[in-house]
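Structural characterization, general
Listed here are the chains, written in short residue letters.
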Amino acid sequence: MREAGALTAKVLQEVAAMVKPGVKTRELDRKAEELVARYGVKAAFKGYRGYPASICVSVNEEVVHGIPGDRVLQEGDIVSLDFGVIYEGFYGDSAVTVPVGEISSEAQKLLKVTKEALEKGISQAQIGNRLSDISHAVQTHVEENGFAVVREYVGHGIGREMHEAPPVPNFGLPNRGPRLKVGMTLAIEPMVNVCTWEVKSLADGWTVVTKDGSLSAHFEHTVAITEDGPEILTKWD
Ligand code: MF3
Ligand code: CO
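Residues numbered from 1 in each chain as written. Chains lettered and ligands numbered in written order. Predicted model: local features only at pLDDT ≥ 70, side-chain atom pairs only at ≥ 80, totals over all residues. Heavy atoms only, no water.

1. With respect to the site of ligand 1
We apply this condition: Proximity is defined per residue: if any heavy atom of the residue lies within 4 Å of a molecule or strand, that residue is considered near it. For the purposes of these results, a polar contact is taken to be a pair of N or O atoms within 3.5 Å, where, inside protein, one atom must be able to donate a hydrogen and its partner to accept one; residues adjacent in sequence count only when each atom of the pair is a side-chain atom. Each accessible area value is a Shrake-Rupley result obtained with a 1.4 Å probe; residue values ignore everything except the protein chains displayed when judging cover.
Contacts to ligand 1 come from 13 residues, most closely from Phe45, Asp82, Asp93, His163 and Glu189. Contact between ligand 1 and aspartate 93: an oxygen atom at 2.9 Å from a side-chain N or O atom of the residue. With respect to ligand 1, the side chain of histidine 163 contributes an N or O atom lying 2.5 Å from an oxygen atom. Expressed as a share of its isolated accessible area of 330 Å², the protein-covered part of ligand 1 is 96%.

2. Things to note about the sheet that holds strand E3 (residues 62-64)
Note the cut-off: Pairing between strands is defined by DSSP: at least two bridges between the two strands are required. Secondary structure is summarised from DSSP: a helix means a run of H or I of at least four residues, a strand means a run of E of at least two, and numbering begins at the N terminus for each. Note on geometry: axes are C-alpha line fits, over the in-contact stretch for helices, and angles between N-to-C directions span 0 to 180 degrees.
The three strands are arranged E3-E12-E11 in an open sheet whose pairing can be described as antiparallel. Of all the strands in the sheet, just E3 and strand E11 (199-201) have a single pairing partner and so form its edges. Between one strand and the next, the sheet's axes are offset by a mean angle of 40 degrees, whatever the strand orientation. Pairing analysis gives two bridges linking E3 to strand E12 (residues 208-210), with the strands arranged antiparallel. Counterpart to valine 64 in the pairing with E12 is valine 208.

3. Points about the side chain of serine 80
So the rule is basically this: Residues count as neighbours in contact if any of their non-hydrogen atoms are within 4.5 Å of one another.
Along the chain, serine 80 falls in strand E4 (residues 78-87). Discounting chain neighbours no more than four positions away, the residues touching serine 80 are Cys56, Val57, Ser58, Val96, Thr97, Ser216, Ala217 and His218.

4. Some details on the environment of leucine 215
Within the element layout of this structure, leucine 215 appears in the loop between E12 and strand E13 (216-218). Through-space distance from the C-alpha of leucine 215 to that of glutamate 116 is 17 Å; in sequence the pair is 99 residues apart. Excluding residues within four positions of it along the chain, leucine 215 makes contact with Asn60, Glu61, Ile78, Ala107, Leu110, Val192, Asn193, Val194 and Thr210.

5. Regarding the sheet that holds strand E8 (residues 164-168)
Pairing within the open sheet is antiparallel, and its five strands lie in the order E8-E7-E9-E14-E15. Two strands in the sheet have a free side with no partner beyond their single neighbour: E8 and strand E15 (229-232). Sheet twist, expressed as the average angle between the axes of neighbouring strands with direction ignored, equals 30 degrees. When strand E9 (residues 185-188) meets strand E14 (residues 221-226), the two strands line up antiparallel, connected through four bridges. Bridging from a neighbouring strand, alanine 187 pairs with threonine 222 of E14.

6. Focus on the environment of glutamate 33
Stated formally: Partly exposed describes any residue whose relative accessible area lies between the buried limit of under 20% and the exposed limit of over 50%, with all areas from a 1.4 Å probe on protein chains only and scaled to the type maximum.
Take glutamate 33: it is sitting in helix H2 (residues 25-39). A relative accessible area of 32% places glutamate 33 in the partly exposed class. With 202 residues separating them in the primary sequence, glutamate 33 and lysine 235 have C-alpha atoms 20 Å apart.

That is the geometry; function is a separate question.
Put into structure tokens, the structure is as follows:
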């Protein structure tokens, strides 16, 4: 899981570094493919339930599962990149939202708050805590800052499958659900919208957008619960 996480992070970091005005979303997918081949891993998403690409690229009001294509990134956009690998049968899964050039102060705040919400959730991934302590920490931080957490899509256990039990919601009361134990690995992934938490799917069968067209951000790490606290397996250099 450490290796899978490290390779996931490496690819995601390199793809994120390519984001700038004028880049086509398909070029980001091509870069991910190239790196996957170079590092000798498999892209976890390609072919998953028929998903056609190696990376998800979701721009502005797109929440998750955007399909890379001919869209050209513009100054002021925000772009969520979600990527995972399979390494020796184990999965890594991680997401980041990055600015394209200069972005509005509202967009900057959205990125900051979503990243912080992920960090707050991760800090609850401790032996003896219960699963919903993570959920509650995420929701509290997001709502304190006036934003909304998506309900329809959630984090998940991860290991020999990308999606394992338990689901890891980004909302809920504390002190509910299973106790966290050493060795558990979770994908914690707040999806945060500026206005309503409601989402809908587009006709392509994949792209999820905010119902009201407001901006959305997504940060995700694969995290292990250890004796020494949470270990972020998809940490960047
Ligand atoms: N990375 C997503 C998750 O966190 C799954 C991507 S769906 C796929 O659960 F179809 F793109 F693979
Ligand atoms: Co995930």
